[in-house]
Amino acid sequence: MTELIPIGTILALLSNQIMKTVQAAKDVVFEKESFKILAKHLLDIEPVLKELESHHLNDSPATRQALESLENDVKKANNLVDKYKNRGRFYLLIKCRQIVNEIQDVTREIGNALAAFSLANIEVRSGISDQVNKIQNEMQRAQLETAQSRVQIVDKLNQGLSDQVFDKEFANDILSEIARAVGVPVEPSEISKEIASFKKEKEEAEDRKERAEVLFLDQVIELLSRADAASDYEEVRRQYFQRLDAVEKYDPREEWIQPFRSFFCCITGNVMVDPVSLCTGTTCERAALEEDWFGRGEETDPETGEILWDFSYRPNIRVRQSIQEWRELNYCVKIRSCKTKLISHVDSLVEEALDRMEELVREDSVNKDWVSIGGLTDLAVAMIGGGVVSEDVENKLLVTLKEIIDGHERNKAIFIENHGIEKIVPCLQLDSSVSKAAIELLYEVLRDRSGWNEGFCNTLSQQNESIAFLVYLVKNPVHETAAKKLAEEILMKLCEVDENVIQAAKVNYFRPLIDKVIQVPVRISMVRELLTMELDEEKIELLGEEGLIPPLLEMASANIESKEVSLHALVKLSTFHHNKRIFASLGGTTLILKLMFSSHMLAVVVPKCTEILANLSSNGDGIKYMVDQNGAHLELEPVITGLLSFQHNLNSLDVVRKPALRALLGICRAENGLVKSAVLSASGVSVILALLDDSNQEIRELAINLLFLFSQHEPEGVVEYLMKPRRLEALVGFLENSDKGDVQMAAAGLLANLPKSETLLTEKLIELGGLKAIVEIVRSGTIEAKENALSALFRFTDPTNLESQRITVELGVHPLLTSLLRVDSVTASARAAALLGDLSMRTHELSVVHPKKPRCLCFHFTRKRLSVCAAHGGECSVGATFCLLEAEGALDRLVGLLEKKVDATAYEAIQTLSTLVREDSPQRGAHVLHENGAVGPTIEVLRWGSESLKGEALSLLEKVFTRDMVELYGSTARLPLMQLTGGSFFEDGHLQRKAAKVLLLIERYSRSSSTYSVTGLNNSF
């Protein structure tokens, strides 16, 4: 009969085992907190067991069973500690969840066993019983968790494996995180130890036939082995040259070494990747054996066909190593071949080499090192931008280089050492496919595990045109969105440096600059840099669109230094139409006016405010942007008064007066009511007149423009001023200034507004060359200046002043006026027609009519026949009689104005044509109008013209309709005339009576008056 071990001895052994487990738990390097909790609970149990040894416990089966259970659970804890005590730290991290769960489970199991022991021994004293119950309760409720940071790393790793992310960049990243978490230096020697521990774990799992664990560990090993730190570079170099020496015996032309037969799987027929051996010695691919062979129920050797008595298999390490050596030899053969093809610079061969290089780095991560060790990376970088290959091959070259350096820090360093960044920058401006490949490569170079490589970014920013080319890529619409996004990311990184911000702004990329302006500490310096640039219209537009105006307005409300620089910038931005709208909508106009008219504001602020106001009202915008932030129009009379006050304030400088005048001019041009306000309320005429004597040419020119507007309301004071010594000479000077069309227009317009009754002014102007200057404007000025000059000419073509008319004609106005009858400007054409009419009014009087004398046959062949004017019956010429018929083309063009059917020009044309028909002898004039086709269009006016125009047409027809003309045009004129007599009335029926009168003429001269009767018409006269 087996002798039972005493209960006391069991308790002593159990206490000893607990202390050994506690001590071992202290040596575990990972999940220390969880093992520490386990050790604490075990330490709490040990003194209780010691005390129980001194008591004679009931030696019952229940007691022994409880102690046996407690002993087994303590052994489990000890085994758990031993299991993880000497494992690799990387392995422990990826198993952190499993480890914590195992510790939690064993802790709870010990608590349950302790509870059972307490129930089995009622002899346990109450004090000890309470202590045991407390310990067991704590252990049963133990809730352990691993650190959240470790869980995140494990989750990231598992996600990467699930998504099959095996690139070097991810490998470097996850390895770095794991190493930091477990306190392992990211050094090849240390990392190699950790990966070796994984490999050991994998082999043990294979022996245990834990297929899922083997697959998982295999994936982890493959991923981490791709990291740069997972390989000893010197060892990689040594291995490469060792393999290279071995391939020297092969012909250099060979590009492939044939595999041995033993390398092929007897199931798939392919070279094996993970060879395993059966009990029969047959070697085949693991996956093929498990899935294709055993998976379909086969029980024989796949090569020999013999029945298998053992279905187990094991890795064939020797064959695997031989296959790997064969692969590596082929890598070296391919690298040697690629080198030869790259050196050839033949497009087709280079492209083959690049394809092969991509295959190499995809096939095995070691090839990222080997292609560089073999010199292929150096050769490829040297070819960038060298023009030795076509653009298509250049594109392929850039794509291949990205593949080589992707996530590989050493290859990036090689790229940089070979001046890769300098070479790649020009590629950013090439064909869209090349530039896309270039930006993707550049982005890969600049990024590292921690984000951006500051040194490489600095190298890029130092390259000429690098920022300009990046901006070109971002803005060019032909480039793909992905490429633009990468270029913009790089730009924003480079623009963390202020100097690069300015460089980007110079090529119209303003986003970084505006971001800087928003940042209070650097905004002033950034705006100052902006002001040093030459801002063209495109830059000004972009600055407004990208949001510079809001921070500038914010600065304008800050201290004096901020005000100065921000207002200076706003002066430039407010020249563009779209920016004006933004400025006004943000309340900018209100702010500027407040600053401009503040009595305490410094001299550096007011000039900029007046410039901005001048810009807002320029280019015809007038008062459009004189609004508050809600769009409500501002009260402008105080603004006008304030602007005028700058002109007679002795302390005002030209830098204030000039923009103030420009603003005043823009505002007054837009609103006639504001002109009246400026003239009457603010005594604008007297203020502006004084400026004509100013020493500053620009101020004088602005003044003449304003006087032109003001003279419409108060011309008398202007005449009085001009008649003073040397004032009129200045006005003539403005008329002669052909370089300034607006000044000529204003000066001519001013003269046009002045009363024509001022004959002394007219004489002085002729004397001082003013008339000549006006005629010259008509000849070669802008169309706006011509319109005002034509209006001014009426002073000199007054029919009551024959001398003035003669001087005007001698200056050659007839051909000028005739040419203006065909211009697009209605105003110019109408005024030219009217001027021709003024000159034509005196022609009947000036025309020399020779009396008829009896014909004498003796003189019939000796006397010269006189040229008689068809309209005036005497000798006519342009110079002597101002005859309209003698002005070449004038009559035809006047008729043409009627045919255009424009009221303003047709009205003046009819009045001028009427000067050819004398009321006392209309036949000549009527015949001339008929011969030149004027009568028909005049009749047509009755159908489409305004009331006043129809009245003028009727007056002309009344003079023209002699018996001969009625025969020609009576039937044509009857219908429109009859419509007028029964149609609308003009004032007191005058138009109807005139139409009836003409109809009566037609009736009187009609040869068949019985056909058409005009009943009751005699009663109308």
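Scope of this entry: the structure provided in the associated data block. (Residues numbered from 1 in each chain as written. Predicted model: local features only at pLDDT ≥ 70, side-chain atom pairs only at ≥ 80, totals over all residues. Heavy atoms only, no water.)

Looking at the overall build of the protein chain
For step 1, the next point in the chain: Check the secondary structure of the protein chain and you find 55 helices and five strands.
For step 2, the next point in the chain: By the burial criterion, 51% of the 1021 residues in the protein chain qualify as buried.
For step 3, the next point in the chain: Partitioning the contacts of the protein chain with sequence separation of at least 6, the portion at a separation of at least 24 is 71%. (Helix = DSSP H or I, 4+ residues; strand = E, 2+ residues; numbered from the N terminus. Buried < 20%, exposed > 50% of the residue type's maximum accessible area, 1.4 Å probe, protein only. Contact = heavy atoms within 4.5 Å.)

As for the side chain of Glu-394
For step 1, the next point in the chain: You can see Glu-394 is positioned in helix α17 (residues 391–405).
For step 2, the next point in the chain: Buried charge without a salt bridge: Glu-394, with Lys-423 as the nearest opposite-charge side chain at an N-O distance of 9.3 Å.
For step 3, the next point in the chain: Within the local environment of Glu-394, its side chain forms a polar contact with the backbone nitrogen of Gly-385, the two atoms lying 2.7 Å apart.
For step 4, the next point in the chain: Those residues in contact with Glu-394 that lie beyond four places of it in its chain are Met-383, Ile-384, Gly-385, Val-389, Cys-427 and Val-434. (Lys, Arg positive; Asp, Glu negative; His and termini not counted. Salt bridge = Lys/Arg side-chain N within 4 Å of Asp/Glu carboxyl O. Polar contact = N/O pair within 3.5 Å; in protein donor to acceptor, adjacent residues only side chain to side chain.)

A closer look at the packing of α17 against helix α20 (residues 432–446)
For step 1, the next point in the chain: Packing of α17 against α20 brings their axes to within 9 Å, and their N-to-C directions diverge by 20°. With respect to α20, the axis of α17 lies roughly parallel. Remark: the crossing between α17 and α20 carries left-handed chirality. Contact with α17, carried on its side by Glu-391, Glu-394, Asn-395, Leu-398, Val-399, Leu-401, Lys-402 and Ile-405, involves Ser-433, Val-434, Ala-437, Ala-438, Glu-440, Leu-441, Glu-444 and Val-445 of α20 and no other residues of that element.
For step 2, the next point in the chain: A class-by-class count of the residues in the contact of α17 with α20 yields nine nonpolar, two polar and five charged. (Axes fitted to C-alpha atoms, helices over the stretch in contact; angles between N-to-C directions. Parallel < 35°, antiparallel > 145°, perpendicular 65-115°, else oblique. Left-handed = near helix turned anticlockwise from the far one by under 90°. Nonpolar A, V, L, I, M, F, W, Y, C, P; charged D, E, K, R; others polar.)

Some points on the layout of surface pockets
For step 1, the next point in the chain: Approximately 1900 Å³ is the volume found for the largest pocket.
For step 2, the next point in the chain: Lining of the largest pocket is provided by 50 residues; of these, Lys-199, Ile-221, Ser-225, Gln-324 and Asp-364 occupy positions nearest its centre.
For step 3, the next point in the chain: Those elements that place two or more of their residues in the lining of the largest pocket are α9 (188–207), α10 (211–225), α11 (233–247), α12 (286–293), α13 (317–344) and α15 (366–373).
For step 4, the next point in the chain: In terms of residues, the lining of the largest pocket owes the most to one element, α13, which gives 10 residues. (1 Å grid on protein atoms, 1.4 Å probe; cavity = no way out; pocket = protein on both sides within 12 Å on 5 of 7 lines; lining within 4 Å. Points joined across faces, edges and corners; volume = space filled by probe spheres on them.)

Some remarks on the pairing of strand β1 (residues 275–278)
Consecutive residues of a regular strand have side chains that alternate between opposite faces of the sheet.
For step 1, the next point in the chain: Alternating residues of β1 divide into Pro-275 and Ser-277 and Val-276 and Leu-278, and every residue in both groups is buried.
For step 2, the next point in the chain: Where β1 meets strand β2 (residues 283–285), three bridges bridge the pair, whose relative direction is antiparallel. Each residue of the ladder has a partner; that of Ser-277, found in β2, is Thr-283.
For step 3, the next point in the chain: Linking β1 to β2, which pair antiparallel, is a turn of four residues; within it Gly-281 sits at a positive phi near 95°. (Pairing = 2+ DSSP bridges.)

Concerning α15
Residues three or four positions apart in an α-helix share a direction because the helix packs 3.6 residues into each turn.
For step 1, the next point in the chain: When you tally the buried positions in α15, you get eight out of eight residues, the bulk of the element.
For step 2, the next point in the chain: Immediately downstream of α15, the backbone of Gly-375 shows phi near 85°, a positive value.

So, helix α21 (residues 454–461)
For step 1, the next point in the chain: Those residues of α21 not exposed but buried are Phe-456, Cys-457, Leu-460 and Ser-461. Each buried residue of α21 lies within a common arc of 140° when the element is viewed along its axis, so the set occupies one face.
For step 2, the next point in the chain: A distance of 3.1 Å separates the backbone nitrogen of Gly-455 from a side-chain oxygen at the start of α21, and that oxygen is part of Asn-453. (Arc of directions from axis to C-beta.)

Here's the deal with the sheet that holds β2
For step 1, the next point in the chain: Overall, antiparallel pairing links the three strands, which are arranged β2-β1-β3 in an open sheet. Edge positions in the sheet fall to β2 and β3 (313–315), since each has one partner strand and no second. Neighbour-to-neighbour, the strand axes of this sheet turn through a mean angle of 40°, independent of strand direction.
For step 2, the next point in the chain: The pairing of β1 with β3 spans three bridges and is classified as antiparallel. Across the sheet, Leu-278 pairs through a bridge with Tyr-313, a residue of β3.
For step 3, the next point in the chain: Across the face of the sheet, α12 comes into contact with β1, β2 and β3 while running at roughly 75° to β2.

What about unusual backbone geometry?
For step 1, the next point in the chain: Unusually for a residue other than glycine, His-345 sits at a positive phi of about 60°.
For step 2, the next point in the chain: Within the secondary structure, His-345 sits in the loop between α13 and α14 (347–363).
For step 3, the next point in the chain: Here the phi dihedral of Lys-901 falls at roughly 60°; this positive angle occurs in a residue that is not glycine.
For step 4, the next point in the chain: Inspection of the secondary structure puts Lys-901 in the loop between α49 (890–900) and α50 (903–914).

Some thoughts on the pattern of salt bridges
For step 1, the next point in the chain: Overall, the coordinates contain 40 salt bridges when judged by the stated rule.
For step 2, the next point in the chain: Notably, a salt bridge pairs Asp-369 with Arg-410, separated by 3.2 Å at the nearest N-O pair. Highlighted residues: Asp-369 in helix α15 and Arg-410 in helix α18 (residues 409–417), separated in sequence by 41 residues.
For step 3, the next point in the chain: A salt bridge links Asp-621 to Lys-580, with the shortest nitrogen-to-oxygen separation between them at 2.7 Å. Of this pair, Asp-621 sits in the loop between α32 (606–616) and α33 (637–648) while Lys-580 sits in helix α30 (residues 577–585), and the two are 41 residues apart along the sequence.

A word on the packing of aromatic side chains
The relative placement of two aromatic rings is captured by the distance of their centres and the angle of their planes.
For step 1, the next point in the chain: Tallied over the entire structure, the rule returns nine aromatic pairs.
For step 2, the next point in the chain: Residues Trp-256 and Trp-326 carry aromatic rings whose centres are separated by 5.4 Å and whose planes lie at 85° to one another, so their mutual orientation is edge-to-face. Within this pair, whereas Trp-256 is found in the loop between α11 and β1, its partner Trp-326 is found in helix α13, the two being separated by 70 residues in sequence.
For step 3, the next point in the chain: Judged by relative accessible area, Trp-256 falls into the partly exposed class, the value being 38%. (Phe/Tyr/Trp six-rings, centres within 6.5 Å; stacked < 30°, edge-to-face > 60°.)

Topic: the environment of Ile-37
For step 1, the next point in the chain: Checked against the element boundaries, Ile-37 lands in helix α2 (residues 32–53).
For step 2, the next point in the chain: By relative accessible area, Ile-37 is classed as partly exposed at 32%.
For step 3, the next point in the chain: For the pair formed by Ile-37 and Gln-104, sequence separation is 67 residues and the distance between their alpha carbons is 9.4 Å.

As for the packing of α49 against helix α52 (residues 935–944)
Packed helix pairs are specified by the crossing angle of their axes together with the interaxial distance, meaning the distance between the axes.
For step 1, the next point in the chain: As a packed pair, α49 and α52 sit with axes 9 Å apart at the nearest point and diverge in direction by 25°. When the interaxial angle is binned, α49 and α52 end up roughly parallel. Helix-helix and strand crossings are classified by hand; for α49 and α52 the assignment is left-handed. Seen from α49, the contacting residues are Val-895, Leu-898 and Glu-899; seen from α52, they are Pro-937, Thr-938, Val-941 and Trp-944.
For step 2, the next point in the chain: Split into classes, the residues belonging to the contact of α49 with α52 amount to five nonpolar, one polar and one charged.

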